[in-house]
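Single-letter residue listing:
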Amino acid sequence: MHYTAMRASTDALARLCDSGAEVSAHYVIEPGGQVWSLVPEERRAWHAGKSAWGAVRDVNSRSIGIELVNTGRQPFPEPQMHALESLLDAVRDRWSVPPERVIGHSDIAIGRKVDPGPRFDWRRLARRGHAVWPDQATPGDFEEDARRAGYVWEAGQEDALLAAVRLRLRPWATGPLGAVDRALVAGLARDWPVAAEPAQSTS
């Protein structure tokens, strides 16, 4: 899941269809709910960049990219969210995608990307079965639980990891790592663990 960082749908479509830009996505959803299919689902699109989730290190080859036309500074309107949910219904059915594998660009590109941003309603998607939302669990080791939940980062990116987790679960939280952060990521790791490389290879 991405946002385009552009206000106009025409600008987003032009960039995603420009071979010189070296960026593409399978789908674009306009604020009014119009869905554009740009790349066939079985083909690789260039939307993830350098990214990782669990054991997957080439996310472009293992994912379907959905771009939402939004600058990142405004709410995602109801027609757009409704169209996204309908699209997810179809895509997840075709490819047997479990809800824990519906993720944001900020989840897979620690320290590099922040989309779909703090205004994206992950809790709504989870209520409709298209994503996951954790109950708080007994706080444990934040980094180990984040790794079990699928996050991959490098040494020195610990602050960026916290920012990424908060973008997903506590977008308006500030300050140092706290008990709520640890409890939420512990809930993710407990209920939706993702297969990962050995710990020493990721940090």
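Residues numbered from 1 in each chain as written. Predicted model: local features only at pLDDT ≥ 70, side-chain atom pairs only at ≥ 80, totals over all residues. Heavy atoms only, no water.

> Tell me about the pattern of salt bridges, residues and numbers included.
Overall, the coordinates contain 12 salt bridges when judged by the stated rule. In this structure, Glu-85 engages Arg-128 in a salt bridge whose closest nitrogen and oxygen atoms are separated by 3.2 Å. Separated by 43 residues along the polypeptide, Glu-85 in helix H2 (residues 78–95) and Arg-128 in the loop between helix H4 (122–127) and helix H5 (142–149) bring together distant segments of the chain. Owing to a relative accessible area of 9%, Glu-85 belongs among the buried residues under this scheme. Between Asp-107 and Arg-168 there is a salt bridge; the shortest N-O distance is 2.7 Å. One end of the pair, Asp-107, is in helix H3 (residues 105–108); the other, Arg-168, is in helix H6 (residues 158–169), and 61 residues separate them in sequence. (Salt bridge = Lys/Arg side-chain N within 4 Å of Asp/Glu carboxyl O. Helix = DSSP H or I, 4+ residues; strand = E, 2+ residues; numbered from the N terminus. Buried < 20%, exposed > 50% of the residue type's maximum accessible area, 1.4 Å probe, protein only.)

> Let's hear about the packing of H5 against H6: which residues, and what values?
Between H5 and H6, the least distance of the axes is 11 Å, while the angle of their chain directions is 60°. It follows from the interaxial angle that H5 and H6 lie oblique. Of the two elements, H5 crosses H6, and the hand of that crossing is left-handed. In contact with Phe-142, Glu-143 and Ala-146 of H5, H6 contributes Glu-158, Leu-161, Leu-162 and Val-165. Its residues assigned to classes, the contact of H5 with H6 shows 5 nonpolar, no polar and 2 charged. (Axes fitted to C-alpha atoms, helices over the stretch in contact; angles between N-to-C directions. Parallel < 35°, antiparallel > 145°, perpendicular 65-115°, else oblique. Left-handed = near helix turned anticlockwise from the far one by under 90°. Contact = heavy atoms within 4.5 Å. Nonpolar A, V, L, I, M, F, W, Y, C, P; charged D, E, K, R; others polar.)

> Describe in detail empty space enclosed by the protein, supporting the description with residues and values.
If you walk through the whole model with that rule in mind, you get 1 cavity of 30 Å³ or more. Taken as a whole, the largest cavity encloses approximately 100 Å³ of empty space. Lining the largest cavity, in full, are Trp-53, Glu-100, Ile-103, Val-132, Ala-149, Tyr-151, Arg-168, Leu-169, Leu-188 and Trp-192. A class-by-class count of the residues in the lining of the largest cavity yields 8 nonpolar, no polar and 2 charged. (1 Å grid on protein atoms, 1.4 Å probe; cavity = no way out; pocket = protein on both sides within 12 Å on 5 of 7 lines; lining within 4 Å. Points joined across faces, edges and corners; volume = space filled by probe spheres on them.)

> Outline the packing of aromatic side chains, supporting the account with residue identities and numerical values.
For the structure shown, the criterion picks out 3 aromatic pairs. An angle of 75° between the planes, with centres 5.0 Å apart, marks the rings of Trp-53 and Tyr-151 as edge-to-face. Here Trp-53 is found in the loop between strand E3 (35–37) and strand E4 (66–68), whereas its partner Tyr-151 is found in the loop between H5 and H6, with 98 residues between them in sequence. Residues Trp-53 and Tyr-151 agree in their burial class; the two are buried. Relative to Trp-122, the ring of Phe-120 has its centre 4.9 Å away and its plane inclined at 75°; by these criteria the two rings are edge-to-face. Accessibility expressed as a relative area gives 4% for Trp-122, which makes it buried. (Phe/Tyr/Trp six-rings, centres within 6.5 Å; stacked < 30°, edge-to-face > 60°.)

> Quick rundown of the packing of H5 against helix H7 (residues 179–191)? Include the residues and the values.
Running from amino to carboxyl end, H5 crosses H7 at an angle of 35°, the nearest separation of the two axes being 8 Å. Read as a crossing pair, H5 and H7 show a hand that is left-handed. The segment H5 lies against H7, with Phe-142, Asp-145, Ala-146, Arg-148 and Ala-149 engaging Asp-181, Arg-182, Val-185, Ala-186, Leu-188, Ala-189 and Arg-190. Across the contact of H5 with H7, the residue classes tally to 7 nonpolar, no polar and 5 charged.

> So what's going on with the nonpolar core? Which residues, and what values?
Tyr-151 and Leu-161 are the most contacted members of the largest nonpolar core, which totals 22 residues. Mapped by element, the contributors of at least two residues to this core are H5, H6 and H7. Setting aside residues no more than four positions away along its own chain, Tyr-151 makes contact with Trp-53, Asp-107, Ile-110, Ala-146, Leu-161, Ala-164, Val-165 and Arg-168. Among the nonpolar cores identified, the runner-up in size contains 18 residues, and Ala-83, Leu-84, Val-91 and Val-102 belong to it. (Core = buried A, V, L, I, M, F, W, Y, C linked by side-chain atoms within 4.5 Å.)

> Which residues make up the layout of surface pockets, and what values do they have?
Counted as a void, the largest pocket has a volume near 690 Å³. If you trace the largest pocket, you find 29 residues lining it, with Arg-62, Ser-63, Ile-64, Val-97 and Arg-101 closest to the centre. Broken down by secondary-structure element, the contributors of at least two residues to the lining of the largest pocket are H2 and H3. When residues in the lining of the largest pocket are grouped by element, the largest group, 4 residues, is from H2. Elements with a contribution of two residues or more to the lining of the second largest pocket: strand E1 (2–3) and helix H1 (9–16). For the lining of the second largest pocket, the leading source of residues is H1, giving 3 residues.

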